[in-house]
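Residue-level structural notes
As a plain string of letters, each chain reads:
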Amino acid sequence: MDCYTANWNPLGEETFYRKLELYSMEWGLREDLRDCVVAAAPYGGPIALLRNSRRDKTPGARPILEIYSASGLLLASVPWKSGHLVHLGWTAGEDLLCIQEDGTVLVYNLFCEFKRHFSMGNEVLQNHVLEAQVFHTEFGTGVAILTGALRFSLATNIDDLKLRRLPEVPGLQKPPPCWAVLSQDRVTVVLLAVGQELFLLDNTSCSVVSPPGLSPSAGPFLHMAVSFTHRHLALFCDTGTVWMGTASLKEKFCEFNTGIRSSPKQMVWCTRPRSRQRAVVLAWERQLMVVGNSSECIRFVLDEDSHLVPELDGVRILSRSSHEFLHEIPEASQEIFRIASMAPGALLLEAQKEYEKESQKADEYLREIREQQLLPEAVGQCIEAAGYEHEPETQKSLLRAASFGKCFLDKFPPEGFVRMCQDLRVLNAVRDYQIGIPLTFTQYKQLTIEVLLDRLVLRRLYPLAIRICEFLRLPEIQGVSRILAHWACYKVQQKDKSDEEVAQAINQKLGDTAGISYSDIATRAYDCGRAELAIRLLEYEPRSGEQVPLLLKMKRSKLALGKAIESGDTDLVYTVVLHLKNELNRGTFFMTLQNQPVALSLYRQFCRHQERETLKDLYNQDDNHQELGNLHVQSGYGEKRIEGRVASLQSALDEFYKAKNDFAAKATEEQIKLLRLQRHLQEELDKPYLDLSLHDTVATLILDGHHKRAEQLYRDFRIPDKRYWWLKINALATRGDWEEIEKFSKSKKSPIGYLPFVEVAVKHHNRYEARKYAPRVPPEQRVKAFVLVGDLEQAAEAAIERKNEAEMSLVLSRCSAGTDSAVAEKLNRARAQLLKK
Amino acid sequence: MAAHLSSGRVNLTALREAGRRELREFLDKCAGSKAIVWDEYLTGPFGLIAQYSLLKEHEVEKMFTLKPGRLPPADVKNIIFFVRPKLELMDIITDNVLREDRGRSPQRDFHILFVPRRSLLCEQWLKEQGVLGSFIHREQYSLDLIPFDGDLLSMESESAFKECYLESDQTSLYHAAKGLMTLQALYGTIPQIFGKGDCARHVANMMIRMKREFPGSQNSIFPVFDTLLLLDRNVDLLTPLATQLTYEGLIDEIYGIQNTYVKLPPEKFAPKKQGEGGKDLPTEPKKLQLNSAEELYAEIRDKNFNAVGSVLSKKAKIISAAFEERHHAKTVGEIKQFVSQLPHMQAARSSLANHTSIAELIKDITTSEDFFDNLTVEQEFMSGIDTDKVNNYIEDCIAQKHPLIKILRLVCLQSVCNSGLKQKVLDHYKREILQTYGYEHILTLNNLEKAGLLKPQTGGRNNYPTIRKTLRLWMDDVNEQNPNDISYVYSGYAPLSVRLAQLLARPGWRSIEEVLKMLPGPHFEERQQLPTGLQKKRRGGAGSRGRAMPDSFAIHFLKVLRELLAFVLFSYTVLLGALLLAGWTTYFLVLK
């Protein structure tokens, strides 16, 4: 461990930088990097190379586009057949953007598979692309272009392409030596240098800006660099001076003179988040320089041509033979590993080592920490520092120290320790050379596990992704099932396997894992032209709502209909039915419905509101004469003219006969008869009779004194006697024709008895008439009749005669104390007598 | 404000809150001032979820009723249509949108809120009319089960019965299943489902299917409900046909309770203040809300009407005694205490006054001879007397042209109590009705037959007596004042659905297999797996399932039936084709 700090290089008092090798590259490049167009994605992403592009100008020799993992394993390659390529860049989703001279941007995935293309507009097409940059902001991945007309065009989000042409820069005669895209307060602007001046281009204007505190001696700007977070800006002047400050140009951090006047090949920021030191790395042909707020700088010799990749917390350095990472040593690591450090973490690490050696010094160290009450800090420091280490051995020794320290603490929350162990396990797994994602702990936390899983999925590393999900116990929907779904979507594209095989393989793996959408997978299969496979896959989809739209899209409407019915969602059924209606000819459509009663009845409903005629056809088809009859009745009542109505009813009549519904047929026949009669009456008596029921027709006739005619109807329509009697006395009473009532009551024996006569008369407040009929009421109703007419005496007599106690009580309850005391007394006596027995 | 919802065995406020939250979220999506265009049918149910004040807080400035033509002018940024997904309504909306003045400024944005479910069909329809693009937000508001009272949820779907049984349109069943899924999401998975009838089976199937559609979403809420019982309306057609005799039941029979509100004739409620001399009698009907939040109402709503009078007079004595207290209050402290109770006492007094007035109104009707005769016939039928021949009272009523609804209820009741009528009897009634009320009712009668309410007896067997005896549907000794059996609500008849629920609780349906077979549709039982940890620890041995049904349950159950009655009476707008019966197809309550 003595040599642990051997590769630490101090910058100023406080900070150290180290360069460590991530991978030795085995990509076997024959040409120098400088002869290729290179682009490496941040967060340990893949590397794209376009070889042979610059040197070999012989026509016919096609350049080759290659994509490597960060460890130099070839992922895919493809000969470049399109136009002249100006720039390569990666999107945040790890798609490769290839920007051509004509402004066309081709999008490829990690495996050199073409995805889509878009254009940066006509202006770019005409004037060609001089230079291009790909940049990342909170809006997504953007592209900025400097055209041959020295104008800037940019799109801040290529997934929602909105092209912006920035205003002209006054006096710009030749391409600026350097420019960069800045994102400030959610606005994307371009900063460019023209000689000694800086211009800021926003959507509408171009303004001159100047960096505060820049030495007056500094000459024209040759290079500029924006930090990973868009917060910082570095400027390189031709005097060799580097100015560092905020991107808003409001504050200067420091200035450093490199003593080299030629423009560096690359200049990038190398700062970890929340560090006090802010440093910039400059690369020339043969040397690398780290400069910051210090009079000294760190120099490295470059043996090989190198390419710098800025990261959130450092810089990756790519060369033909190696892949290195240059970064500032985080505080926790410094505290622990700095020579002669007395920090609690350092002591704890020592203590643990002594303990392993079974030396009593362990106790001394431990005591020292505990006396200062710093053991929790010590454990925390060790855990944190473990995260920053790349070597599993060092990670382990730090974690062992933390674990050792934890033993001497009560109630130290274990989560931090456990989580760090898990995170490191994941990180070590993805850093493996076979996988080749050299994420640092800081980057990993920034990226989040979900995105990391996405990236594994993009690389088709499904098993590893699933293992990680299982290891971290992620919920199925976010974890395993999502990955399986991606896997399945990839699987359906494998054309060499039969539909049957693929479908089975997918179902075997996926089963009914939570959150799997078989319809998404099926959609993908369909998009790949595998309709049969899509149908097979849809069979596994439990949600009919998801099955139906795709089936319709695939023109499997009948299958869709079955699924819709299964779901019970009538809206879905309707949708399919109407779809079928447009798709099929009428005959086939009806036949299809015949076999699906649910759909048929829904369609009938639809027709009832929208297409009545179709409804008739439907009923006709299945010989449903009853419903046809009903329809005719209904439309008959919509007719204003009586002829029309009769005609409709006549049709209804025929249908009812066909339906063997004799009752309805007869009733309809009667109704036709009645209608004709009513028309006749209407003409003759000049009074509206139409639309009255038979009952009301007869009643109206009686009211108007046409007794003969009423009698005729009573006979013609065979109105039951009882009802006719009720009807007649009610109507006559309303007319006040008591004479006629009396005549009627004597015409023959009343089929409804004589109580109704009493009731009707009382209802019309004619007690005199009522009294006439009371005696004719049979004995069992007589008490009630006398009570109604108000003859309590007779009522009492009748009740006593019948020896009915309930009736006596009824009469009694009507007796008022003053006037009817005699009756009441009589009743009470009779009742008492009755009860005695 | 929602006190009535928390009074039951299960706190339904959560359901209401969920509904309110969803509404707020939608309103906030449409930034700026808004006007709501209402599908009139929805205003009642929405009132139970959110009052106008909530809408106002979210910048709803105007409300209109949906009707064809140009929308009224209103200076708002957003016009939101609250509608059911029906094509007829889409046509109206299309008309509204097409007539909107494009030149007006500022332009108004359109949105649609589908209740309870967004519909592809409607959107397709709007698309064909070329207006779909005019709507910025098209969303759905899953108002399936509306909390009515502490123990009552309703779908407020008045046409459900008609749709299911006459038109074979099972849309409302789909909504019911969805609603039950929402209920389960809030109150935990219900471990057992029992059911009887085709529709019930269909709903249960859909629920099981919906659960399978989201296998990942394991519900981790401890189940509040033990059992779900689904019953088809046509299993028990009898109950809604008979006249209810509880206080609330009678209010409903006579005046109709809609969305918990009742409109009453104003005369009895005239302010009795001296000096005004009663010169302006109010002409507007008096509108009262009836729910358990009102202490007195909660006490008397489920009493047999014959027992209500004594409670009211007892209450009157207590209240006047309480007011008398003031004469005894001597010290300042006592007076202060008295005054602090005053608002509560005054509320109690006005509540008492209201209910006394209502009781008087009802009494006028229940003491009439006609009410009595009608009830006698009903009870004869239900107890199985003379159900197989033409009834004189019904004939007389027809002859005197009593309201058709009354006749139809009686005839249907007789048909149900006789497992259908003899063809001759049926034809006689039908002929009488057609001749008296008009031929066009041939459609009404046809619809009743299709729904099974009226039918010819087939096979010549009358099952009703067996059903009545096995399920003890008729009780001769009814105690109306202090009831010990549910039959008191009909003064003799114990509702069939309640009996089914009671028997399910104990001893289980296995004991009545025979009768279940006589009722229409299959009966079934489903169990829904609960995650371990949520399973209830069973007390005792294997046979501990049969817990007795709590006394109050039967009543709770009845409130569901009550809904149907309201509809029977008030959605009766027989014009050709339109139909008399509406209401619930599948109603459910939950055994706790």
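These numbers were taken from a predicted model, which means no experiment stands behind them.

1. A few points about the overall build of chain B
Of the regular secondary structure elements, chain B holds 22 helices and 14 strands. Within chain B, the proportion of its 592 residues that are buried is 55%. A sequence separation of at least 24 residues applies to 78% of the contacts in chain B between residues at least 6 apart.

2. Focus on the interface of chain B and chain A
Contact with chain B, which involves 47 residues of that partner, is made by 49 residues of chain A. Buried surface at the junction of chain B and chain A, summed over both partners, amounts to about 4200 Å²; 55% is from carbon and sulfur atoms. When the buried surface of chain B facing chain A is broken down by residue, R209, Q435 and Y439 of chain B rank first, second and third, together holding 17% of it. Run the count over chain B and chain A and you get 7 salt bridges. Taking the shortest distance from any N to any O, the salt bridge between E566 of chain A and R209 of chain B comes out at 3.6 Å. Looking at the side of chain B that touches chain A, the elements with two or more residues in it are α4 (87-99), α5 (120-128), α7 (171-187), α8 (198-213), α15 (392-399), α17 (423-437) and α18 (441-451) of chain B. No other element matches the 8 residues that α17 of chain B contributes to the side of chain B that touches chain A. Among the residues making up the side of chain B that touches chain A, the classes are represented as 16 nonpolar, 13 polar and 18 charged.

3. Here's the deal with the nonpolar core
Within the largest apolar cluster, 128 residues are counted, with the highest numbers of intra-cluster contacts made by L348, I506, I521 and Y603 of chain A together with F81 of chain B. Every residue in contact with Y603 of chain A, bar those within four places of it in the chain, is listed here: V577, L578, K581, F589, F590, L593, E611, T614 and L618 of chain A. One finds Y637 of chain A together with Y165, Y174 and I442 of chain B within the second-largest nonpolar core, a separate group that totals 104 residues.

4. Brief notes about the sheet that holds strand β12 (residues 140-147) of chain A
Residue and element names in this part refer to chain A. Spatially, the 4 strands line up as an open sheet ordered β11-β12-β13-β14, and their pairing is antiparallel. The sheet is open, and its two borders are formed by β11 (129-137) and β14 (163-165), each paired with just one other strand. The sheet shows a mean angle of 20 degrees between the axes of neighbouring strands, taken without regard to direction. Relative to strand β13 (residues 152-155), β12 runs antiparallel, the two sharing 4 bridges. Within the sheet, the bridge partner assigned to L146 lies in β13 and is F152.

5. Regarding the side chain of T241 of chain A
Residue and element names in this part refer to chain A. The topology assignment puts T241 in strand β21 (residues 241-246). T241 sits in the buried class, given a relative accessible area of 6%. Among the polar contacts listed, one links the side chain of T241 to the side chain of T239, at a separation of 3.0 Å. Sequence-distant contacts of T241, that is, excluding residues within four places in its chain, are made with S215, L235, F236, E255, F256 and N257.

6. Remarks on the pattern of salt bridges
Residue and element names in this part refer to chain A. Applying the stated criterion across every chain yields a total of 73 salt bridges over all chains. Of the charged contacts, one joins R165 and E123 as a salt bridge, the two residues approaching to 3.3 Å between their closest N and O atoms. With R165 in strand β14 and E123 in helix α1 (residues 122-127), the pair connects residues that are 42 residues apart, well separated along the chain. Classification of R165 as partly exposed rests on a relative accessible area of 43%. Exposure remark for E123: the relative accessible area of 16% places this residue in the buried category. Members of the salt-bridge network, linked through shared partners, are R34, K265, E285 and D305.

7. A short note on the UniProt feature "domain: Vps16 C-terminal" (unreviewed entry) in chain A
Feature annotation in UniProt places "domain: Vps16 C-terminal" (unreviewed entry) on residues 516-833 of chain A, given in this structure's numbering. Helix makes up 78% of residues 516-833 of chain A and strand makes up 0%, while its end C-alpha atoms are separated by 90 Å.

8. Considering a negative patch on the surface
On the surface, E25, D28, E59 and E61 of chain B cluster together into a negatively charged patch. Secondary-structure assignment places E25 of chain B in helix α1 (residues 13-29).

9. A word on the environment of L290 of chain B
Residues and elements named next belong to chain B. As for its placement among the helices and strands, L290 is situated in the loop between β12 (286-289) and α11 (295-300). The class of L290 is buried, set by a relative accessible area of 3%. Residues L290 and E248, 42 residues apart in the sequence, show an inter-C-alpha distance of 8.9 Å. Every residue in contact with L290, bar those within four places of it in the chain, is listed here: I251, I257, T260, V262, Y297 and H355.

10. Some words on the packing of aromatic side chains
By convention here, two paired aromatic rings are described through the distance between centres and the angle between planes. Tallying each qualifying case throughout the model produces 33 aromatic pairs over all chains. With a centroid separation of 6.0 Å and 50 degrees between ring planes, the pair formed by W80 of chain A and Y108 of chain A is classed as tilted. Here W80 of chain A is found in the loop between β6 (74-79) and β7 (85-90), whereas its partner Y108 of chain A is found in strand β9 (residues 104-108), with 28 residues between them in sequence. Residues W80 of chain A and Y108 of chain A agree in their burial class; the two are buried. A centroid spacing of 6.4 Å and a plane angle of 10 degrees characterise the contact between Y247 of chain B and F305 of chain B, whose relative ring orientation is stacked. Note that Y247 of chain B is positioned in helix α10 (residues 247-255) and F305 of chain B in helix α12 (residues 305-328), a separation of 58 residues in sequence. Note on accessibility: Y247 of chain B and F305 of chain B belong to one class, buried. Following the ring pairs from residue to residue traces out a cluster consisting of F589, F590, Y603 and F606 of chain A together with W125 of chain B.

11. Structural notes on the pairing of strand β25 (residues 287-291) of chain A
Residue and element names in this part refer to chain A. Of all 5 residues that make up β25, 4 are buried, and the element is covered over most of its length. As paired elements, strand β24 (residues 280-283) and β25 share 4 bridges and run antiparallel to each other. Bridge assignment links V281 to a residue of β25, and that residue is V290. Connecting β24 to the antiparallel partner β25 that follows it, the hairpin turn spans 3 residues. Across 4 bridges, the pairing between β25 and strand β26 (residues 298-301) is antiparallel. The residue of β26 that forms the bridge with M289 is R299. The loop that links β25 with its antiparallel partner β26 comprises 6 residues.

12. Details of the side chain of Q414 of chain B
All names here are of chain B. When you line up the elements, Q414 lands in helix α16 (residues 404-417). Note on Q414: relative accessible area 0%, which makes it buried. A polar atom in the side chain of Q414 sits 2.8 Å from the backbone oxygen of K389. Dropping the residues within four chain positions of it, Q414 is found in contact with F381, D386, T387, D388, K389, N391, I394, L421 and Y429.

Here is what the cut-offs are and how they apply
- Residues numbered from 1 in each chain as written.
- Chains lettered and ligands numbered in written order.
- Predicted model: local features only at pLDDT ≥ 70, side-chain atom pairs only at ≥ 80, totals over all residues.
- Heavy atoms only, no water.
- Helix = DSSP H or I, 4+ residues; strand = E, 2+ residues; numbered from the N terminus.
- Buried < 20%, exposed > 50% of the residue type's maximum accessible area, 1.4 Å probe, protein only.
- Contact = heavy atoms within 4.5 Å.
- Buried area = accessible area lost by both parts, 1.4 Å probe.
- Salt bridge = Lys/Arg side-chain N within 4 Å of Asp/Glu carboxyl O.
- Nonpolar A, V, L, I, M, F, W, Y, C, P; charged D, E, K, R; others polar.
- Core = buried A, V, L, I, M, F, W, Y, C linked by side-chain atoms within 4.5 Å.
- Pairing = 2+ DSSP bridges.
- Axes fitted to C-alpha atoms, helices over the stretch in contact; angles between N-to-C directions.
- Polar contact = N/O pair within 3.5 Å; in protein donor to acceptor, adjacent residues only side chain to side chain.
- UniProt positions renumbered as here; feature names shortened; annotations may be inferred.
- Patch = residues over 30% accessible without salt bridge, like charges linked within 9 Å, V, L, I, M, F, W, Y side chains within 5 Å.
- Areas by Shrake-Rupley, 256 points an atom, 1.4 Å probe, with all protein chains shown as cover.
- Lys, Arg positive; Asp, Glu negative; His and termini not counted.
- Charge placed at Lys NZ, Arg CZ, Asp CG, Glu CD.
- Phe/Tyr/Trp six-rings, centres within 6.5 Å; stacked < 30°, edge-to-face > 60°.

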